[in-house]
Amino acid sequence: MSYWRAAGLNYVNYSNIAAKIVRRVLKPELQSNASKRDETHVKFTPWIKGKPAKPGQQ
Amino acid sequence: MMMFTKPTMVVCLKGAFTGQQNRSMATLKQIQMRLKSVTNIQKITQSMKMVSAAKYARAERELRQARPYGEGVKAFFEKSGATETLEGAVENKLIVAITSDRGLCGAVHTNVAKTIRNELSLEAPDAGTKVFCVGDKSRALLQRLYSDNIAVVANEVGRKPPTFLDASKVANQLVQLDYNSGKIIYNRFKSVVSYQTEEVPLLSVKTMLAAPKLQTYDSIDESVMESYQEFTVAALLYYTMKQSACSEQSSRMTAMDNASKNAGEMIGKLTLTFNRTRQAVITRELIEIISGAAALE
């Protein structure tokens, strides 16, 4: 078992963290472009029995 | 201001002139207003077209980069022969609808919703199939009939091009829902003028490990497969989101182009009617003046 899975991460989380670190150490001219790929806006609303529950939850 | 002057105009004209005169005068005004609003609408649709053309160019460029993600996973599914074993009625199905928050783009979202509606209508009412709506549009379209099936709604999609981080967030949400058999419904971008609603399966680790031709691939053990399965979900989501964003923009471009064309046609017709009516009014007034003068002599 890999150390990151032992820490409770799955592969996607692990690779996203790795990608974030790589973006952070890029040269400044590349960094501004790469930082655009570093943002998300998606919001999630779980639905229970056909009604949205607790809006704005992550 | 126009709105307020219009009714009073009509009223005082009614008092001053006879029926025929009054109507043509009012229509002249009405046609003018109509013409103005149609011209404004045309301006809006034209600029929307320009905006979506620029966005489309970007989406297409980004899609080209995102394609390997999805194609790779699809190739793996195909080469290893990993398919869902459908023994009887599968319970706990999950359907992911890839749409966006934005409308005015032809039938892209409707097609996705229609595919899902067809699927759900074939099922037993207590099958409990879950629907994950990515984008407000699919929610709005499915809410009325199948609100019980909606499990999670993701919004704020489509304002900006989707990133891999978006896809992985959605993937993390998917992991939390337990399902036996899943699939993604999305619009595959074919060319500027066409797209096709398609689906890709979301396979579980078990199905992938049980694939008949897994020997094609080297050094695969359970932990590698587990990681790969997690990655496939995110990668497929990223790929489908990009595909659907691209189809959406191209479809919006066509829709807005058509709208501008239709508005242009309408403007032509309205201008013609406007000029005719104006001419008729002028002629009538001239006749009235001349005949009035003749009566006085």
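The structure we're discussing is the one just above.
In this text, all values refer to a predicted model and were calculated from it rather than measured experimentally.

**Q** Describe the environment of B:Ile150, and please don't skip the residues or the numbers.
**A** Counting through the fold element by element, B:Ile150 comes out in strand 3 (residues 150-155). By relative accessible area, B:Ile150 is classed as buried at 2%. Residues B:Ile150 and B:Arg139, spaced 11 residues apart in sequence, show a C-alpha to C-alpha distance of 7.8 Å. If we skip the residues at most four places from it in the chain, B:Ile150 touches A:Trp47, B:Val131, B:Cys133, B:Arg139, B:Leu142 and B:Gln143.

**Q** Could you give an account of a nonpolar patch on the surface, naming the residues involved and the relevant values?
**A** Taken together, the side chains of A:Ile17, A:Ile21 and A:Val25 make up a nonpolar region of the molecular surface, amounting to roughly 280 Å² of accessible area. Tracing the backbone through its elements, the reader meets A:Val25 in the loop between helix 2 (11-24) and helix 3 (28-35).

**Q** For the nonpolar core, give the residues involved together with the corresponding values.
**A** Residues and elements named next belong to chain B. Counting 40 residues, the largest nonpolar core has Val 96, Ile 98, Phe 132, Val 134, Leu 174, Ile 184 and Leu 237 as its most contacted members. Within the residue set of this core, elements represented by two or more residues are helix 2 (19-80), strand 1 (93-98), strand 2 (130-134), strand 3, helix 5 (164-176), strand 4 (181-191), strand 5 (194-202) and helix 7 (222-296). Among the elements that take part in this core, helix 7 stands out by supplying 9 residues, more than any other. Dropping the residues within four chain positions of it, Val 134 is found in contact with Val 96, Ala 97, Ile 98, Thr 99, Ser 100, Ala 154, Val 157, Val 170 and Met 241. The next biggest cluster of nonpolar side chains, apart from the first, holds 14 residues, and it includes Ala 97, Val 112, Val 131 and Val 153.

**Q** Please provide a residue-by-residue account of the packing of aromatic side chains, values included.
**A** Enumeration over the complete set of coordinates arrives at 17 aromatic pairs over all chains. Relative to B:Phe231, the ring of B:Tyr228 lies with its centre 6.4 Å away and its plane at 35 degrees, an arrangement referred to as tilted. Taken together, the positions of B:Tyr228 and B:Phe231, both in helix 7 and 3 residues apart, correspond to about one turn of that helix. Looking at B:Phe231, the relative accessible area reads 22%, which means it is partly exposed. Cluster of aromatic residues (ring-pair linked, three or more members): A:Tyr3, A:Trp4, A:Tyr11, A:Tyr14, B:Tyr69, B:Phe76, B:Phe77, B:Phe164, B:Tyr217, B:Tyr228, B:Phe231 and B:Tyr238.

What counts and what doesn't
Residues numbered from 1 in each chain as written. Chains lettered and ligands numbered in written order. Predicted model: local features only at pLDDT ≥ 70, side-chain atom pairs only at ≥ 80, totals over all residues. Heavy atoms only, no water. Helix = DSSP H or I, 4+ residues; strand = E, 2+ residues; numbered from the N terminus. Buried < 20%, exposed > 50% of the residue type's maximum accessible area, 1.4 Å probe, protein only. Contact = heavy atoms within 4.5 Å. Patch = residues over 30% accessible without salt bridge, like charges linked within 9 Å, V, L, I, M, F, W, Y side chains within 5 Å. Areas by Shrake-Rupley, 256 points an atom, 1.4 Å probe, with all protein chains shown as cover. Salt bridge = Lys/Arg side-chain N within 4 Å of Asp/Glu carboxyl O. Core = buried A, V, L, I, M, F, W, Y, C linked by side-chain atoms within 4.5 Å. Phe/Tyr/Trp six-rings, centres within 6.5 Å; stacked < 30°, edge-to-face > 60°.

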